[in-house]
Number of protein chains: 2
Amino acid sequence: MSSTAPVSETEAQCIALEDLSAFSISVLSAAGANLETASAATRAMLHGSRLGIDSHGIRLLPHYAKAIRGGRVNGRPRLDFNYRAGVVATLNAGDAHGALAAYEAMKEAISIARFNGMGAVAIQRGSHFGPAGAYAVEAARAGMIGVTFCNSDAFVRLHGGAERFHGTNPIAVAAPSGSDDPWLLDMATSSIPYNRIRLFESLGQPLPRSVASLADGEDTLDAAQAVMLAPLGGEFGFKGAGLAGLVEIFSAVLTGMKLSSEILPMEGEDMSTPRYMGAFVMAIDPAAFLDPAEFKNGMRRYLHSLRNSPTAAGETVLAPGDREWAEAARRDREGIPIDPKTELAFRDLAEAYGVPFPEGTGTP
Amino acid sequence: MSSTAPVSETEAQCIALEDLSAFSISVLSAAGANLETASAATRAMLHGSRLGIDSHGIRLLPHYAKAIRGGRVNGRPRLDFNYRAGVVATLNAGDAHGALAAYEAMKEAISIARFNGMGAVAIQRGSHFGPAGAYAVEAARAGMIGVTFCNSDAFVRLHGGAERFHGTNPIAVAAPSGSDDPWLLDMATSSIPYNRIRLFESLGQPLPRSVASLADGEDTLDAAQAVMLAPLGGEFGFKGAGLAGLVEIFSAVLTGMKLSSEILPMEGEDMSTPRYMGAFVMAIDPAAFLDPAEFKNGMRRYLHSLRNSPTAAGETVLAPGDREWAEAARRDREGIPIDPKTELAFRDLAEAYGVPFPEGTGTP
């Protein structure tokens, strides 16, 4: 979905997916994670890396290893599903890695939906889960529409606001497309992620309009001066802020977990205190509404119409996910680009945990 | 949610809600609607008018009377609920007025959710339903989170696109707020509605940036030249277009109804052919996830924090719905402003259908 090239593409060497996967699982295991945790976290990061969402890709590995080592994330959690009523459940994830909690929650939601048309699980005591789309895609692979919400530590001001109030609070929805790769919307409710500001800063380039603000809430084009993100929509940022609020209600209020403004910073000093993050996943089975073939045909017809829609000069039109799945196909062939900073961090991990560094294939 | 003053406020006379309600029900009944249809359509329009969403308010009455009279909308429909699986249903609304279909569908979704935690109804053979928030609010009044999606005839280009592809495809979500008026997000997935362009044109004012485009898809500030809307987000319009697609999938694909690009224009010549519009409503019961008191306390805490968040100079911060509920309280006291053009149309209706025009109280 990003309109700019992946951040880490410059001066990167490429490492094969399976080598990165093995490295990540070994590191996380050595940091104290059980196999379920290490596998889930790795799978989620590689979803991000495959699709070109490098901000939520394998570069998170050193952070996750530190969180598990420090105790913020419980590498050997007990996951308790709690069924109060009907087709919904809560999952007390016991400070599990967010990816483990979210994959297990979505698996449960899919099971419930298989027999009931819909299922939802509200996750309690989770943690950073990486790319929200990873879990929505699970539902789509099972023939269902998947929805994932998660709030996160505050970076985004309100419309008219002058403090970090909401997290980038992503909305991810995936739907079977009638072909191999799902329709996949995975979007922050800010225009850009916070690390993109730091990228503009290091490149010395002006920010796009209306994406980031000074401490007094005024928007700025100067990345070095920007301290918070603006909600999606610019002048109509009340819509982006409203969507962030929607995510906040499902992720924090419905779970009894922390509001974005209360969540310990992701990159903080304290790596031992759990963050009490909530999240919400839902699966909806189209077969409960109409013949599955009719749904698939409808998706194909819609996407055909979309992809053949006239474009403005020099532009293309894409369905959500089109760019990402094409990137995934390329990276499956060529490997995952690892930027120099991440490579250094990985070499440190390799040494610290006694795990061999997966040598790549040089710059792509 | 609108950042500008209500359109119809200028040179308006005010008419009391109950007088407008009686007038509307009489006109629609005389046009051929049964009481259920006339009441539902009136109630939905007055939701819009009370909350200051005049584009989806009582000004739609002449249009609805014409649609019922012409046969596009069946004023005496048979509504068939069809239960394929579990907690979801489809409603074949038999070309009913969209408001009747949506109120009945949400009522059913709430009933299902009461016993199962969640319920959803996909509406088939509906029609224009007015303000999407009206139905989401029903769930919130019942203590639940309500969600409403509806696609509509195409006005909004894709990101990079050069034709009207999606409708303004609203997303409405309401949640109990712990006080009288629900948290209420009711937003088009374009930045502005199409009739706001015509307003800028008649005022001779430049459009905001990145909200509307020429026939070749290039954005324009000239309202007279604008022929389509841009998706929410400006440079990041892939997010607005993705959200419109989400609405399209739930409203059109999941129901087997028409895509936005296939729906007969709302204001077209043909007022006798049904429009085969779909919509989707869902109710989610917080009590299925946690103690209802805990949910209410959480909402109060979140909203208190939001409303007391620091603001940029000269700005305010509002929760979704705050502006609208304040406007509703004012209009309950002062009446609904009826602009001169709508007043003329109402006087024509009064004459055509032999229903006395509800005289107002002069300009507010």
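Higher on the page you've got the structure.
Residues numbered from 1 in each chain as written. Chains lettered and ligands numbered in written order. Predicted model: local features only at pLDDT ≥ 70, side-chain atom pairs only at ≥ 80, totals over all residues. Heavy atoms only, no water.

*Asks:* What's the story with the overall build of chain A in this structure? I'm lost.
*Replies:* What chain A contains, in helices and strands, is ten helices and eleven strands. Against the 2.2 N^0.38 benchmark of 21 Å for 364 residues, chain A shows a C-alpha radius of gyration of 20 Å, consistent with a compact globule. Residue pairs in contact within chain A that sit at least 24 positions apart in sequence constitute 69% of those at least 6 positions apart. Carbon together with sulfur atoms contributes 50% to the accessible area of chain A, which is approximately 13000 Å² in total. The distance from the centre of the 31 positive side-chain charges to the centre of the 41 negative ones in chain A is 3 Å. (Helix = DSSP H or I, 4+ residues; strand = E, 2+ residues; numbered from the N terminus. Rg over C-alpha atoms; globule rule 2.2 N^0.38 Å. Contact = heavy atoms within 4.5 Å. Areas by Shrake-Rupley, 256 points an atom, 1.4 Å probe, with all protein chains shown as cover. Lys, Arg positive; Asp, Glu negative; His and termini not counted. Charge placed at Lys NZ, Arg CZ, Asp CG, Glu CD.)

*Asks:* Sorry, what's going on with the sheet that holds strand β2 (residues 80-85) of chain A here?
*Replies:* Neighbouring strands of a sheet are bound in pairs by backbone hydrogen bonds; such pairs are parallel or else antiparallel. All names here are of chain A. Across the sheet, seven strands lie side by side as β2-β3-β4-β10-β5-β6-β7; this open sheet has mixed pairing. Of all the strands in the sheet, the pair left with one neighbour each is β2 and β7 (183-187). Taken pair by pair, the neighbouring strands of this sheet meet at an average axis angle of 15 degrees, ignoring direction. In the packing of helix α5 (residues 133-141) onto the sheet, the strands contacted are β5 (145-150), β6 (171-175), β7 and β10 (277-284), and the crossing angle to β6 comes to about 20 degrees. (Pairing = 2+ DSSP bridges. Axes fitted to C-alpha atoms, helices over the stretch in contact; angles between N-to-C directions.)

*Asks:* Sorry, what's going on with the side chain of Ser190(B) here?
*Replies:* Along the chain, Ser190(B) turns up in the loop between β7 (183-187) and α6 (194-203). In this structure the side chain of Ser190(B) is engaged in a polar contact, spanning 2.9 Å, whose partner is the backbone oxygen of Ile192(B). (Polar contact = N/O pair within 3.5 Å; in protein donor to acceptor, adjacent residues only side chain to side chain.)

*Asks:* I would appreciate a short explanation of the side chain of Thr189(B) in the present structure.
*Replies:* Residues and elements named next belong to chain B. In this fold, threonine 189 is placed in the loop between β7 and α6. At 3.0 Å, the side chain of threonine 189 forms a polar contact with the backbone oxygen of asparagine 169. If we skip the residues at most four places from it in the chain, threonine 189 touches Thr168, Asn169, Ile171, Pro231, Leu232, Gly240, Leu243 and Ala244.

*Asks:* I'm lost on the packing of aromatic side chains in this one. Help?
*Replies:* The way to describe two aromatic rings as a pair is by their centre distance and the angle between their planes. Applying the stated criterion across every chain yields a total of 24 aromatic pairs over all chains. An angle of 75 degrees between the planes, with centres 6.1 Å apart, marks the rings of Phe23(A) and Phe357(A) as edge-to-face. One end of the pair, Phe23(A), is in helix α1 (residues 17-31); the other, Phe357(A), is in the segment after α10 (340-353), and 334 residues separate them in sequence. When its relative accessible area of 3% is taken as the criterion, Phe23(A) is described as buried. When the ring of Phe236(B) is compared with that of Phe238(B), the centres are 6.3 Å apart and the planes differ by 70 degrees; the resulting orientation is edge-to-face. The pair formed by Phe236(B) and Phe238(B) is uniform in burial state, with each residue classed as buried. An aromatic cluster is defined as three or more aromatic residues linked by ring pairs; in this entry it consists of Phe149(A), Phe250(A), Phe280(A) and Phe289(B). Over the ring of Tyr194(A) we find Arg164(A); its NZ or CZ atom is 4.9 Å from the centre of that ring. (Phe/Tyr/Trp six-rings, centres within 6.5 Å; stacked < 30°, edge-to-face > 60°. Buried < 20%, exposed > 50% of the residue type's maximum accessible area, 1.4 Å probe, protein only. Lys NZ or Arg CZ within 6 Å of the ring centre and 35° of its normal.)

*Asks:* When you look at the pairing of β7(A) in this model, what are you seeing that I'm missing?
*Replies:* Look at any regular strand and the pattern is simple: side chains alternate between the two faces of the sheet. Residues and elements named next belong to chain A. In terms of burial, β7 is a largely internal element, five of the five residues being buried. Alternating residues of β7 divide into Trp183, Leu185 and Met187 and Leu184 and Asp186, and every residue in both groups is buried. In this sheet, β7 lies alongside β6 in antiparallel orientation, the contact comprising five bridges. Across the sheet, alanine 175 pairs through a bridge with tryptophan 183, a residue of β7.

*Asks:* Looking at this structure, how should I read helix α3 (residues 61-70) of chain B?
*Replies:* Three or four residues apart is the spacing at which side chains of an α-helix point the same way, because the helix has 3.6 residues per turn. Residues and elements named next belong to chain B. Turning to α3, its buried residues number three or more, namely Leu61, His63, Tyr64, Ala65, Ala67 and Ile68. Structurally, α3 contributes buried residues whose contacts are with α1 (17-31), α2 (35-50) and α10 (340-353). Following α3 by one or two positions, glycine 71 adopts a phi angle in the positive range, close to 100 degrees.

*Asks:* Even after reading the chapter, I still don't get the packing of α2(B) against helix α4 (residues 98-116) of chain B, so can you show me in this structure?
*Replies:* All names here are of chain B. At a minimum axis distance of 8 Å, the contact between α2 and α4 shows a crossing angle of 85 degrees. By the angle class used here, α2 and α4 are roughly perpendicular. Two secondary-structure elements touch here, α2 through Glu36, Thr37, Ala40, Ala41, Arg43 and Ala44 and α4 through Ala99, Leu100 and Tyr103. Classifying every residue of the contact of α2 with α4 by side-chain character gives six nonpolar, one polar and two charged. (Parallel < 35°, antiparallel > 145°, perpendicular 65-115°, else oblique. Nonpolar A, V, L, I, M, F, W, Y, C, P; charged D, E, K, R; others polar.)

*Asks:* I would appreciate a short explanation of the relation of the copies chain B and chain A in the present structure.
*Replies:* A rotation about some axis, followed by a shift along it, carries one copy of the chain onto the other. Superposing chain B onto chain A requires a rotation of 180 degrees together with a translation of 0.0 Å along the rotation axis, leaving an RMSD of 0.0 Å. Within this description, the copies of the chain are treated as partners about a two-fold rotation axis. For chain B, the residue whose C-alpha comes nearest the rotation axis is Gly233(B), separated from it by 2.2 Å. Here 100% of the contact residues of chain B are again contact residues in chain A; the copies associate through an equivalent surface. (Least-squares fit on C-alpha atoms with pLDDT ≥ 70 in both.)

*Asks:* Would you mind showing me how to read the pattern of salt bridges here?
*Replies:* Between side chains of opposite charge, a pair can form as their charged atoms come close. Tallied over the entire structure, the rule returns 34 salt bridges over all chains. Its salt-bridge partner being Arg307(B), residue Asp322(B) comes within 2.7 Å of it at the nearest N-O pair. Placement of the pair is Asp322(B) in helix α9 (residues 322-334) and Arg307(B) in helix α8 (residues 292-307), with a sequence separation of 15 residues. Residues joined in a network through salt bridges with shared partners are Asp54(A), Glu327(A), Arg330(A), Arg331(A) and Glu334(A). (Salt bridge = Lys/Arg side-chain N within 4 Å of Asp/Glu carboxyl O.)

*Asks:* Quick question: what am I supposed to make of the environment of Val87(B) here?
*Replies:* Within the fold, Val87(B) resides in the loop between β2 (80-85) and β3 (88-92). Classification of Val87(B) as buried rests on a relative accessible area of 2%. The spatial distance from the C-alpha of Val87(B) to the C-alpha of Leu214(B) is 45 Å, given a sequence separation of 127 residues. Leaving out residues up to four positions away in the same chain, Val87(B) has contacts with Val87(A), Asn116(A), Met118(A), Ile112(B), Asn116(B), Met118(B), Gly119(B) and Ala120(B).

*Asks:* How do you make sense of the environment of Met299(A) when you look at a structure like this?
*Replies:* Relative to the elements of secondary structure, Met299(A) occurs in helix α8 (residues 292-307). For Met299(A), a relative accessible area of 0% gives the class buried. Considered as a pair, Met299(A) and Glu18(A) are 281 residues apart in the sequence and their alpha carbons are 32 Å apart. Ignoring anything within four residues of it in the chain, the contact list for Met299(A) reads Ala175(A), Pro176(A), Ser177(A), Trp183(A), Ile249(B) and Val253(B).

*Asks:* Could you clarify how one ought to interpret the packing of helix α7 (residues 237-253) of chain A against α8(B) in this entry?
*Replies:* How two helices pack is summed up by the angle between their axes together with the distance between the axes. Contact geometry for α7(A) and α8(B): axes closest at 10 Å, N-to-C directions at 140 degrees. The orientation of α7(A) with respect to α8(B), classified from their angle, is oblique. In this structure, the crossing between α7(A) and α8(B) has a hand that is right-handed. On α8(B), the residues that touch Gly245(A), Glu248(A), Ile249(A) and Val253(A) of α7(A) are Phe295(B), Gly298(B), Met299(B) and Tyr302(B). Residues that form the contact of α7(A) with α8(B) fall into these classes: five nonpolar, two polar and one charged. (Left-handed = near helix turned anticlockwise from the far one by under 90°.)

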